[in-house]
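One-letter residues, chain by chain:
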Amino acid sequence: MNPLICRFCDTKLVSFCDLGRSPLANSFLDKNELEVEEPFYPLHAYVCKGCYLVQLEEIESPENIFQDYAYLSSFSSTWLEHCQNYVNEMIDRFDLDGNKQVIEIASNDGCLLNFFKKKRIPVLGIEPAKNIARDAENSGIPTINQFFNSQLAQELASTKKQADLLIGNNVLAHVPNLNEFVASLKIILKPNGVITLEFPSLLQLIKQNQFDTIYHEHFSYFSYLTIEKIFTHHGLNLFDVEELKIHGGSFRIYIRHQENSDNYISDNISRIKLREKNHGLDKLDSYHNFSRQVEETKYQLRQFLTKTKQSGKSIVAYGAPAKGNTLLNYCGIGTDIIDYAVDISPHKQGRFLPGTHIPIFHPEKIKTTKPDYLLILPWNIKNEIMEQMKFITQWGGRFITPIPKIRVEP
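Across its full length, the protein chain carries 13 helices and 17 strands. Expected size for 410 residues packed as a compact globule is a radius of gyration near 22 Å; at 21 Å, the protein chain falls within 12% of this value. Along the first, second and third principal axes, the C-alpha atoms of the protein chain reach 65 × 50 × 40 Å. For the protein chain, the residues scored as buried account for 56% of the 410 residues in total. A separation of at least 24 residues holds for 70% of the contacts in the protein chain among residues at least 6 apart in sequence.

Structural data, given as structure tokens:
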């Protein structure tokens, strides 16, 4: 068998975390699909011996993953608040007005661009999922329903459709061909334009035991040290980085053309690089202990939930996020332990979780069945969920969060 090679620098990969076999995390099932054999794929993350990029093999193509997509940004009030704050900050920082062009890649249902539109700033979304692009168009956000690549970038650039602000939130991890994607960003960026990208921090993934954020549509997992190498290789400079609490700990990086000297280099960069080096992210040995940590979490969570169920208590899962499906499938937690799941998205209600076949209902069902425990799968917005669901305390209901370790509240 040929050794696996890094998608950025063509160096050999070694194992980082093996989560066994799992279905695609957003491949929710209809009732008539439950009897059909479901495809499971290896879910094994590797780390590059050269650039330390953590990555998965491309088991399934993005075209198959994102043609009909179940995740909608606008269903989380936490995310909407994050978008609103981002828009206000970018307008102030870069003097955006009606003469500037904002383009977002993987614009989802257009919820972020809508905040720019309300400020009368021209916007354009690029979204590959047909169902979600249609929702964005219906809400008044001009959207190109295609995958972003060099061909599309060239077409837009040739019609003078380049960005003063180019946005990519939680898209970089979804890209199997990193080099082409970054080169395409460069094409679509105006000479004095700015790119902002947000993505989860690899250091936080390791420190906070966030193994459930590893799933097939996330091809790559980035440290700042690695992301800087990638963009420098393509003639783009990072001039600032911010640490965000969103999604369990993320980076927002600011990028410009190397020829553009409009923006000063922030001290944040040297501070974050030093911290990552102090945690050993520039040394291969530092990546080897993560698997043992993950195996211990699997054992403890499975044991806790099994004992709880055997004691006669009922457990319901709140949310049907991709991370939840990684967690449940890896830990072997199914309908023998979880009675059902609820999710606020109508795109998921009436369907079943991949692999575990746990049915998904509207959150109102919780008021009828009065479960003893609510297992919060989207732990990154647990405060929002606990506020929405605080009524379960009326019958003694309690919340369970599984990451970074099992916690029961109140």
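The next subject is the pairing of strand S10 (residues 236-244). Where S10 lies against strand S11 (residues 250-257), eight bridges are found, and the strand directions are antiparallel. Each residue of the ladder has a partner; that of Leu 236, found in S11, is His 257. What sits between the antiparallel neighbours S10 and S11 is a turn of five residues, in which His 247 has the positive phi angle 60°.

So, about the sheet that holds strand S7 (residues 163-169). The pairing of strands in a sheet comes from backbone hydrogen bonds and takes either a parallel or an antiparallel form. Here seven strands make up an open sheet; going across it, the order is S6-S5-S4-S7-S8-S11-S10 and the pairing mixed. Here the strands that pair on one side only, and so sit at the sheet edges, are strand S6 (143-144) and S10. Here six bridges tie S7 to strand S8 (residues 189-200), and the two strands are oriented parallel to one another. Note on S8: the bridge partner recorded for Leu 166 is Ile 195. Sitting on the sheet, helix H2 (residues 77-94) touches S7, S8, S10 and S11, and the angle it makes with S11 is about 30°. Lying over the sheet, helix H8 (residues 224-233) contacts S8, S10 and S11, oriented at roughly 155° with respect to S10.

The next subject is the sheet that holds strand S14 (residues 360-361). Spatially, S14-S13-S12-S15-S16-S17 is the arrangement adopted by the six strands of the open sheet, whose pairing is mixed. At either margin of the open sheet sits one strand with a lone partner, and together these are S14 and strand S17 (407-409). Docked against the sheet, helix H10 (residues 290-310) engages strand S12 (315-318), strand S15 (373-376), strand S16 (398-401) and S17, running at close to 135° with respect to S12.

In this section: the packing of H8 against helix H9 (residues 267-278). Between H8 and H9, whose axes approach to 9 Å, the crossing angle comes to 125°. By the angle class used here, H8 and H9 are oblique. Facing Tyr 224, Leu 225 and Glu 228 of H8, the residues of H9 in contact are Ile 269, Ile 272, Lys 273, Glu 276 and Lys 277. A per-class count over the contact of H8 with H9 returns four nonpolar, no polar and four charged.

This brings us to the nonpolar core. One recurring pattern in soluble globular proteins: nonpolar side chains tend to sit buried together. The biggest cluster of nonpolar side chains holds 45 residues, and the ones touching the most others in it are Phe 16, Ile 214, Tyr 287 and Phe 290. Those elements that provide at least two residues to this core are strand S1 (13-22), strand S2 (41-48), strand S3 (54-56), helix H7 (202-207), H10, S12, helix H11 (322-331) and S15. If sequence neighbours within four positions are ignored, Ile 214 has contacts with Phe 16, Cys 17, Leu 19, Leu 43, Ala 45, Leu 56, Leu 205, Tyr 221, Phe 290 and Thr 326. Ile 103, Ala 163, Leu 172 and Phe 199 belong to the second largest nonpolar core, which has 44 residues in total.

Along the polypeptide, Lys 367 turns up in helix H12 (residues 365-369). Residue Lys 367 is classed as partly exposed on the basis of its relative accessible area, which comes to 40%. Linking Lys 367 and Ile 392, residues 25 residues apart in sequence, is a C-alpha distance of 7.8 Å. Those residues in contact with Lys 367 that sit more than four places away from it in its chain are Phe 391 and Trp 395.

A few words on the environment of Glu 137. In this structure, Glu 137 sits in helix H4 (residues 130-138). Measuring from C-alpha to C-alpha, the distance between Glu 137 and Gly 110 comes to 8.2 Å, with 27 residues separating the pair along the chain. If sequence neighbours within four positions are ignored, Glu 137 has contacts with Pro 142 and Thr 143.

Reading guide: rules and limits
Residues numbered from 1 in each chain as written. Predicted model: local features only at pLDDT ≥ 70, side-chain atom pairs only at ≥ 80, totals over all residues. Heavy atoms only, no water. Helix = DSSP H or I, 4+ residues; strand = E, 2+ residues; numbered from the N terminus. Rg over C-alpha atoms; globule rule 2.2 N^0.38 Å. Buried < 20%, exposed > 50% of the residue type's maximum accessible area, 1.4 Å probe, protein only. Contact = heavy atoms within 4.5 Å. Pairing = 2+ DSSP bridges. Axes fitted to C-alpha atoms, helices over the stretch in contact; angles between N-to-C directions. Parallel < 35°, antiparallel > 145°, perpendicular 65-115°, else oblique. Nonpolar A, V, L, I, M, F, W, Y, C, P; charged D, E, K, R; others polar. Core = buried A, V, L, I, M, F, W, Y, C linked by side-chain atoms within 4.5 Å.

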